[in-house]
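Reading the structure
So the chains spell out like this:
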Amino acid sequence: MVSEVKREDDDALIAAARHIRDRAYAPYSSYLVGCAVRADGMVFRGANVENASYGLTLCAERVACANAVLGGERDIEAVAVVTESSPPAPPCGMCLQTLVEFSRDPGAMRLILVNLQGERRDFTLAELIPKAFTKSQLGG
Ligand code: THU
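Cut-offs and rules
Residues numbered from 1 in each chain as written. Predicted model: local features only at pLDDT ≥ 70, side-chain atom pairs only at ≥ 80, totals over all residues. Heavy atoms only, no water. Helix = DSSP H or I, 4+ residues; strand = E, 2+ residues; numbered from the N terminus. Rg over C-alpha atoms; globule rule 2.2 N^0.38 Å. Buried < 20%, exposed > 50% of the residue type's maximum accessible area, 1.4 Å probe, protein only. Contact = heavy atoms within 4.5 Å. Pairing = 2+ DSSP bridges. Axes fitted to C-alpha atoms, helices over the stretch in contact; angles between N-to-C directions. Polar contact = N/O pair within 3.5 Å; in protein donor to acceptor, adjacent residues only side chain to side chain. Core = buried A, V, L, I, M, F, W, Y, C linked by side-chain atoms within 4.5 Å. Salt bridge = Lys/Arg side-chain N within 4 Å of Asp/Glu carboxyl O.

1. So, the overall build of the protein chain
- A tally of helices and strands in the protein chain yields 4 helices and 5 strands.
- Overall, the protein chain shows an N-to-C arrangement of helices and strands of α-β-β-α-β-α-β-β-α.
- In terms of overall size, the protein chain behaves like a compact globule, its C-alpha atoms giving a radius of gyration of 15 Å where 140 residues would be expected to give roughly 14 Å.
- Structurally, the protein chain occupies a C-alpha span of about 45 × 40 × 30 Å along its principal axes.
- Taking all 140 residues of the protein chain together, the buried fraction comes to 39%.
- Taking contacts inside the protein chain between residues at least 6 apart in sequence as the whole, the part at least 24 apart equals 62%.

2. Remarks on unusual backbone geometry
- Cis peptide bonds are those with omega within 30 degrees of zero, and the linkage from Ser86 to Pro87 qualifies with 0°.
- Even without being a glycine, Ser30 presents a positive backbone phi close to 60°.
- Here Ser30 shows up in the loop between helix 1 (2–21) and strand 1 (34–39).
- Even without a glycine there, the phi angle at Asp40 is positive, about 50°.
- Mapped onto the elements, Asp40 comes out in the loop between strand 1 and strand 2 (42–47).

3. Brief notes about the sheet that holds strand 4 (residues 110–115)
- Judged by pairing direction, the sheet is mixed, and its 5 strands sit side by side in the order 2-1-3-4-5 without closing on themselves. Since the sheet does not close on itself, it has two edges, and those belong to strand 2 and strand 5 (120–124), each with one partner. Taken over all neighbouring pairs, the strand axes of this sheet differ in orientation by 15° on average, direction set aside.
- Looking at chain direction, strand 4 and strand 5 are connected through 5 bridges and run antiparallel. Following the sheet pairing, Arg110 is matched in strand 5 by Thr124.

4. Quick notes on the environment of Gln137
- Within the secondary structure, Gln137 sits in the segment after helix 4 (125–128).
- For the pair Gln137 and Cys92, spaced 45 residues apart in sequence, the C-alpha separation works out to 22 Å.
- In terms of polar contacts, Gln137 uses its side chain to reach the backbone amide nitrogen of Thr134, at 2.6 Å.

5. Here we look at the nonpolar core
- Formed by 21 residues in total, the largest nonpolar core has its most connected members in Val37, Ile76, Val79, Leu111 and Leu125.
- Mapped onto this core, the elements with two or more residues apiece are strand 1, helix 2 (60–70), strand 3 (78–83), helix 3 (93–101) and strand 4.
- With 4 residues, the top contributor of residues to this core is helix 2.
- Ignoring sequence-local partners within four residues, the contact set of Ile76 consists of Val37, Arg38, Ala39, Cys65, Ala68, Phe102, Ser103 and Met109.

6. What about the pattern of salt bridges?
- With the rule as written, the count across this model stands at 6 salt bridges.
- Linking Arg38 and Glu77 is a salt bridge whose minimum nitrogen-to-oxygen distance equals 4.0 Å. Note that Arg38 is positioned in strand 1 and Glu77 in the loop between helix 2 and strand 3, a separation of 39 residues in sequence.
- Residues Arg120 and Asp122 are paired through a salt bridge, measuring 2.7 Å at the closest nitrogen-oxygen approach.
- Given the relative accessible area of 37%, Arg120 is considered partly exposed.
- Taken together, the salt bridges that share partners define one network made up of Asp10, Arg110, Arg120 and Asp122.

Rendered as structure tokens:
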């Protein structure tokens with residue numbers, strides 16, 4: 001059944017995000033974030049990487065996007081983000097904008113936000129960033 005497959009896919013994406021969260025480097029905030037994105041059946045992962053110069057910090061979602069792009073993928077279909085927050089935290093604005101860049105249809109990109117206690121919230125990218133800046137704005 002299609003819905004069965006989708007649930008398994010979601011579970012695998014969440015598990016990948018939960019697993020990579022353990023690799024986060026967050027000695028300053030102690031706030032660990034794991035992210036996994038699915039594109040063309042493949043899963044790419046990211047975790048936040050902080051720096052003593054705080055502004056250089058890389059968010060988990062942007063690391064996962066970069067890994068997808070370097071893996072040859074530019075059309076992300078689904079994203080899982082794992083944090084300790086309750087309710088489960090959404091990506092920051094900068095990460096939402098980055099996801100827009102690699103989404104063919106923000107209304108169809110699914111964001112699955114979960115926390116360590118098992119709470120889950122589902123959104124589309126368009127719900128979280130409804131009026132994004134896109135390349136259509138460039139060039140007048
Ligand atoms: N962080 C992410 O990894 N993703 C977000 O979308 C928001 C924040 C990280 C950055 C920093 O290492 C820590 O969470 C606290 O802001």
